[in-house]
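Per-entry structural report
Each chain is listed here by its residues.
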Amino acid sequence: MNAAMAPGQLQAQVSPADMMIAEMKGMADCFARMTASCYGKCIVGVKEEKLSVGEMSCVDRCVNKYFDVHQRVATELQSQQATMSATSE
């Protein structure tokens with residue numbers, strides 16, 4: 001890669017397949033982190049084969065919060081990236 005390339009030129013070289021793979025890896029990472037976090041917070045001990053009502057409620061709230069925060073962060077990063085690219089032009 002040429003170090004003198006502009007950031008816009010670098011993005012043009014990334015194939016759609018590579019972008020899809022990166023997005024899938026990101027979602028898999030998000031899911032793994034969410035699973036570990038919510039399981040640790042909501043499932044104290046495995047006593048039965050099914051979740052209790054309290055555990056289900058906790059997991060539901062945890063997953064919703066996790067995705068809400070993930071979406072807000074993604075939206076903020078996209079807006080900052082758009083601002084940066086607009087100011088650099």
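**Considering the side chain of E55**
Within the fold, E55 resides in helix α3 (residues 53–88). Although E55 is buried, it forms no salt bridge, and the closest oppositely charged side chain is K47 at an N-O distance of 6.6 Å. Residues contacting E55, with those up to four places away along its chain left out, are C42, I43, V44, G45 and K50.

**Concerning the confidence of the model for the protein**
Scored by pLDDT, the protein has a mean of 84; 85% of the residues are at 70 or more. The secondary-structure element of the protein with the lowest mean pLDDT is helix α1 (residues 7–12), recorded at 52, while helix α2 (residues 16–42) shows the highest, at 92.

**Here we look at the state of the cysteines**
Counting across every chain of the model gives 2 disulfides. Covalent S-S linkage joins C38 and C62, the inter-sulfur distance amounting to 2.0 Å. For the disulfide bridge between C38 and C62, the dihedral angle about the S-S bond is near -90°, and by the sign convention the bridge is left-handed. With a gap of 24 residues between them, C38 in helix α2 and C62 in helix α3 connect regions that are remote in the sequence. Of the two residues, C38 and C62, both sit in the buried class. With a sulfur-sulfur separation of 2.0 Å, C42 is cross-linked through a disulfide to C58. In this structure the cystine formed by C42 and C58 twists about its S-S bond by roughly -70°; its chirality is therefore left-handed. Highlighted residues: C42 in helix α2 and C58 in helix α3, separated in sequence by 16 residues.

**Some thoughts on the nonpolar core**
If you look at the biggest cluster of nonpolar residues, it comprises 6 residues: M34, C38, C42, I43, C58 and C62. Of all elements in the fold, only α2 and α3 reach the threshold of two or more residues within this core. Apart from residues no more than four positions distant in its own chain, M34 is found in contact with Y39, V63, Y66 and F67.

**Details of the environment of C30**
Of note, C30 is situated in helix α2. On a C-alpha basis, the gap between C30 and F67 in space is 8.9 Å, while along the polypeptide they are 37 residues apart. Excluding anything up to four places from it in sequence, C30 contacts Y66, F67 and H70.

The rules behind the values
Residues numbered from 1 in each chain as written. Predicted model: local features only at pLDDT ≥ 70, side-chain atom pairs only at ≥ 80, totals over all residues. Heavy atoms only, no water. Helix = DSSP H or I, 4+ residues; strand = E, 2+ residues; numbered from the N terminus. Buried < 20%, exposed > 50% of the residue type's maximum accessible area, 1.4 Å probe, protein only. Lys, Arg positive; Asp, Glu negative; His and termini not counted. Salt bridge = Lys/Arg side-chain N within 4 Å of Asp/Glu carboxyl O. Contact = heavy atoms within 4.5 Å. pLDDT = per-residue confidence, 0-100. Disulfide = S-S within 2.5 Å. Core = buried A, V, L, I, M, F, W, Y, C linked by side-chain atoms within 4.5 Å.

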